[in-house]
Amino acid sequence: MPVDPETAIANLMQSDPHIIAGAVLKGKEIIYTTDNWDISGDVSRVVSSWMGKSAQFIMVSGVKYSVLQMEDERLVAMSYKGDGSIVGAKNDERKIIAYLDPDGYGPTAVMDVQRALTSLSEDTVYLDVNAQLGQKSAQMGGAASAGGAASASSAAPAGGAASASSAAPAGGGGSVDPQLQGEIKAFLDWIKDSEGLVGYINYHVQQNNAKIISELSKIYSELRQIFGV
């Protein structure tokens, strides 16, 4: 069931405590914003840059944020001086722009922002904004490591056993949430983008950020375990 803008932002900030401010837009008009954030003087330029998809940076409240991602449906920009990040998601109806504190992680937070945007829409089934991509990915990985047994069981015709390969729907089938599929596709695009994951990792390696490097190492190990490589 769709929620109002204030509830969508409140849920968003609860889902990621590093998101400390947010605004809902219709076109270039602010229809809701948290009390601690005034972007009225910047929103027109930010939206224009986003629509153009060619800006190298955006300015918000006098702070320069370098663009990591600027696509039709999402925006991720980061201050390399430690002033946090700006993330956004948009569809044909509205936009949500949010501010992350310096400890926030934009590429993950933007997925929460997209879920919050979905919760506003009357044309899209509501997806719990507290759902985490990592949890769903882990569930998918668990199902894959089981050899597709669950799919085989549910797809097997009465009176006969079906193998995992014959029971699995072609191309991964319709059992996967379309919202999750979209998030994974966007994540893969970000991985392949030279200004996405590669640029982000290179920056933190050059900065010798021990915390980020340690977390990336853990993620790398987990991915290898999930796919058995």
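Everything below is about the structure shown above.
Undergrad: How would you summarise the overall build of the protein chain if you had to cite specific residues and measurements?
TA: Looking only at helices and strands, the protein chain has nine helices and seven strands in total. Taken over 229 residues, the protein chain has a buried fraction of 36%. The contacts in the protein chain between residues at least 6 apart in sequence include a share of 43% that link residues at least 24 apart.

Undergrad: So what about the packing of aromatic side chains? Which residues, and what values?
TA: Taken as a whole, this structure holds one aromatic pair when the rule is applied. Directly above the aromatic system of tryptophan 50 lies the positively charged group of lysine 90, at a separation of 5.5 Å from the ring centroid.

Undergrad: Report on the sheet that holds strand E6 (residues 85-90), specifying residues and quantitative values.
TA: The strand order across the open sheet formed by seven strands is E2-E1-E7-E6-E5-E4-E3, and the pairing between neighbours is antiparallel. Every other strand in the sheet has two partners, leaving strand E2 (29-33) and strand E3 (57-60) as the edge strands with one partner each. For this sheet, the mean angle separating the axes of adjacent strands, direction not counted, is 25°. As paired elements, E3 and strand E4 (residues 63-70) share four bridges and run antiparallel to each other. Opposite methionine 59, over in E4, you have lysine 64 as the bridge partner.

Undergrad: Can you lay out the packing of helix H1 (residues 5-15) against helix H3 (residues 106-120) for me, pointing to particular residues and giving the numbers?
TA: With their axes 9 Å apart at the nearest point, H1 and H3 run at an angle of 155° to one another. Considering the angle they form, H1 stands roughly antiparallel to H3. You can see that H1 and H3 cross each other, and the crossing is right-handed. For the pair H1 and H3, the contacting residues are Pro5, Ala8, Leu12 and Ser15 in the first and Asp112, Val113, Ala116, Ser119 and Leu120 in the second. Residues belonging to the contact of H1 with H3 are distributed by class as follows: six nonpolar, two polar and one charged.

Undergrad: For the pattern of salt bridges, give the residues involved together with the corresponding values.
TA: One pass over the full model with this rule turns up five salt bridges. Between arginine 94 and glutamate 93 there is a salt bridge whose closest N-O contact spans 3.3 Å. Residue glutamate 93 is classed as partly exposed on the basis of its relative accessible area, which comes to 28%. Across the pair arginine 115 and aspartate 112 runs a salt bridge, and its minimum N-O distance is 2.6 Å. Taken together, the residues arginine 115 and aspartate 112, both in helix H3 and three residues apart, mark about one turn of the helix. Residues arginine 115 and aspartate 112 agree in their burial class; the two are buried.

Undergrad: Which residues make up H1, and what values go with them?
TA: All of the buried residues along H1 are Ala8, Ile9, Asn11, Leu12 and Ser15. When H1 is viewed along its axis, its buried side chains cluster within an angular range of 160° and face the same direction. Structurally, H1 contributes buried residues whose contacts are with strand E1 (19-26), E2, strand E7 (95-100) and H3. N-cap assignment for H1: the residue whose side-chain oxygen lies 3.1 Å from the backbone N of glutamate 6 is aspartate 4.

Undergrad: Go over the nonpolar core with me, naming the residues and quoting the values.
TA: Formed by 21 residues in total, the largest nonpolar core has its most connected members in Leu12, Ile19, Val87, Ile96, Ala98, Val113 and Leu120. Of all the secondary-structure elements, those providing two or more residues to this core are H1, E1, strand E5 (74-78), E6, E7 and H3. Top element by residues in this core is H3. It accounts for seven residues. With residues up to four places along the chain from it excluded, the contact list for valine 87 reads Leu75, Val76, Ile96, Ile97, Ala98, Leu100, Gly106, Val110 and Val113. In terms of nonpolar packing, the next biggest core, distinct from the first, is built from 20 residues, Leu25, Val60, Val63 and Tyr65 among them.

Definitions and cut-offs
- Sequence order as written defines residue numbering, which begins from 1 separately in each chain.
- Under the rules for a predicted model, residues below a pLDDT of 70 receive no local features and side-chain atom pairs below 80 are neither given nor counted, while totals for whole chains, interfaces and linings still include all residues.
- Side-chain numbers come from the whole structure's heavy atoms, not from hydrogens or water.
- Secondary structure elements are taken from DSSP: a helix is a run of H or I of four residues or more, a strand is a run of E of two residues or more, and numbering for both begins at the N terminus.
- Buried, partly exposed and exposed residues are distinguished by accessible area as a fraction of the type maximum, computed with a 1.4 Å probe on protein chains only: under 20%, between the cut-offs, and over 50%, respectively.
- Note on contacts: a residue pair qualifies if any of its non-hydrogen atoms lie within 4.5 Å across the two residues.
- Working definition: rings of Phe, Tyr and Trp (its six-membered ring) pair if their centres are within 6.5 Å, and the pair is stacked with planes under 30 degrees apart, edge-to-face with planes over 60 apart, and tilted otherwise.
- Placement of a positive charge over a ring is assigned whenever Lys NZ or Arg CZ falls within 6 Å of the ring centre and within 35 degrees of the normal to the ring plane.
- We treat two strands as partners when DSSP finds at least two bridges between them.
- Axes here refer to lines fitted to C-alpha atoms; in helices the fit is confined to the stretch in contact. Angles between the N-to-C directions go from 0 to 180 degrees.
- Orientation labels follow simple angle bins: below 35 degrees gives roughly parallel, above 145 gives roughly antiparallel, 65 to 115 gives roughly perpendicular, and whatever is left gives oblique.
- Note on convention: the crossing is left-handed when the near helix lies turned anticlockwise from the far helix by less than a right angle, right-handed when the turn is clockwise.
- Each residue gets one of three labels, nonpolar for Ala, Val, Leu, Ile, Met, Phe, Trp, Tyr, Cys and Pro, charged for Asp, Glu, Lys and Arg, and polar for the others, Gly among them.
- The term salt bridge refers to a side-chain nitrogen of Lys or Arg lying within 4 Å of a carboxyl oxygen of Asp or Glu.
- As used here, the arc belongs to the directions running from the helix axis to the C-beta atoms.
- In protein, a polar contact means a hydrogen-donor-capable atom and an acceptor-capable atom, both N or O and within 3.5 Å, with residues adjacent in sequence counting only if both atoms are side-chain atoms; elsewhere, any N or O pair within 3.5 Å suffices.
- Residues belong to a common nonpolar core when they are buried Ala, Val, Leu, Ile, Met, Phe, Trp, Tyr or Cys residues joined through side-chain atoms within 4.5 Å.

Without other data, these values stay purely geometric and don't point to any function.
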